[in-house]
Amino acid sequence: MSAITDEAMQALLDVICAPDVRSILTARPPRLEDERAARIKARDLLLDALAGRRLDAGQRVVAIHAIGKRQGWPIAR
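My aim in this report is to walk through the structure given alongside it, one point at a time.

Rules of the game
Residues numbered from 1 in each chain as written. Predicted model: local features only at pLDDT ≥ 70, side-chain atom pairs only at ≥ 80, totals over all residues. Heavy atoms only, no water. Salt bridge = Lys/Arg side-chain N within 4 Å of Asp/Glu carboxyl O. Helix = DSSP H or I, 4+ residues; strand = E, 2+ residues; numbered from the N terminus. Buried < 20%, exposed > 50% of the residue type's maximum accessible area, 1.4 Å probe, protein only. Axes fitted to C-alpha atoms, helices over the stretch in contact; angles between N-to-C directions. Parallel < 35°, antiparallel > 145°, perpendicular 65-115°, else oblique. Contact = heavy atoms within 4.5 Å. Nonpolar A, V, L, I, M, F, W, Y, C, P; charged D, E, K, R; others polar. Expected span 1.5 Å × (residues − 1).

**With respect to the pattern of salt bridges**
Step number 1: Counted under the stated rule, the structure contains 6 salt bridges.
Step number 2: Of the charged contacts in the structure, one is a salt bridge between Arg22 and Asp34, with a shortest N-O distance of 3.2 Å. One end of the pair, Arg22, is in helix H1 (residues 6-26); the other, Asp34, is in helix H2 (residues 32-51), with 12 residues separating them in the sequence.
Step number 3: Overall, Asp34 belongs to the buried group, its relative accessible area being 16%.
Step number 4: Residue Asp44 pairs with Arg43 through a salt bridge whose shortest N-O separation is 2.9 Å.
Step number 5: Overall, Arg43 belongs to the partly exposed group, its relative accessible area being 30%.
Step number 6: Among the ionic contacts, a cluster of salt bridges with common partners joins Arg22, Arg31, Glu33 and Asp34.

**Focus on the packing of H1 against H2**
Step number 1: In the contact formed by H1 and H2, the axes pass within 9 Å of each other and the chain directions differ by 175 degrees. The orientation of H1 relative to H2 falls into the category roughly antiparallel. Counting all contacts with H1, which are made through Ala11, Leu12, Val15, Ile16, Pro19, Asp20 and Arg22, the residues of H2 involved are Asp34, Glu35, Ala38, Lys41, Ala42, Leu45 and Leu46.
Step number 2: Residues belonging to the contact of H1 with H2 are distributed by class as follows: 9 nonpolar, no polar and 5 charged.

**Digging into the packing of H2 against helix H3 (residues 57-70)**
Step number 1: Their axes nearest at 11 Å, the elements H2 and H3 cross at an angle of 85 degrees. Classified by the interaxial angle, the pair formed by H2 and H3 is roughly perpendicular. Within the contact between the two elements, H2 uses Arg43, Asp44, Leu47 and Asp48 and H3 uses Arg60, Ala63, Ile64 and Ile67.
Step number 2: Of the residues contributing to the contact of H2 with H3, the split by class is 4 nonpolar, no polar and 4 charged.

**Comments concerning H2**
Step number 1: In this model H2 runs 29 Å from its N-terminal to its C-terminal C-alpha over 20 residues, within 8% of the 28 Å that 1.5 Å per residue would give.
Step number 2: Taken together, the buried positions of H2 are occupied by Asp34, Ala38, Ala42, Asp44, Leu47 and Asp48.
Step number 3: Residue Gly52 follows H2 closely and has a positive phi angle near 80 degrees.

**Some remarks on the side chain of Arg60**
Step number 1: Mapped onto the fold, Arg60 is located in helix H3.
Step number 2: With relative accessibility at 13%, the residue Arg60 sits in the buried group.
Step number 3: Apart from the residues lying within four places of it in its own chain, the contact partners of Arg60 are Asp44, Leu47, Asp48, Arg54 and Leu55.

Next comes the structure, spelled out in structure tokens:
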């Protein structure tokens, strides 16, 4: 596994913390759709970083499937 750069780490933190920052600035709890969007964006950034390039949607599905298989999840066929 390759090391993550400081820039990539900062980008991930920016994405992950965005709903919390918005919540602090508006004095409202984070919206569920903002939390989900941040999680998906962070996931995609991590998958891209692991692959060393930008993945398209199909490649992301394959990568997520491989992670599930590695963790022992029963994968639907």
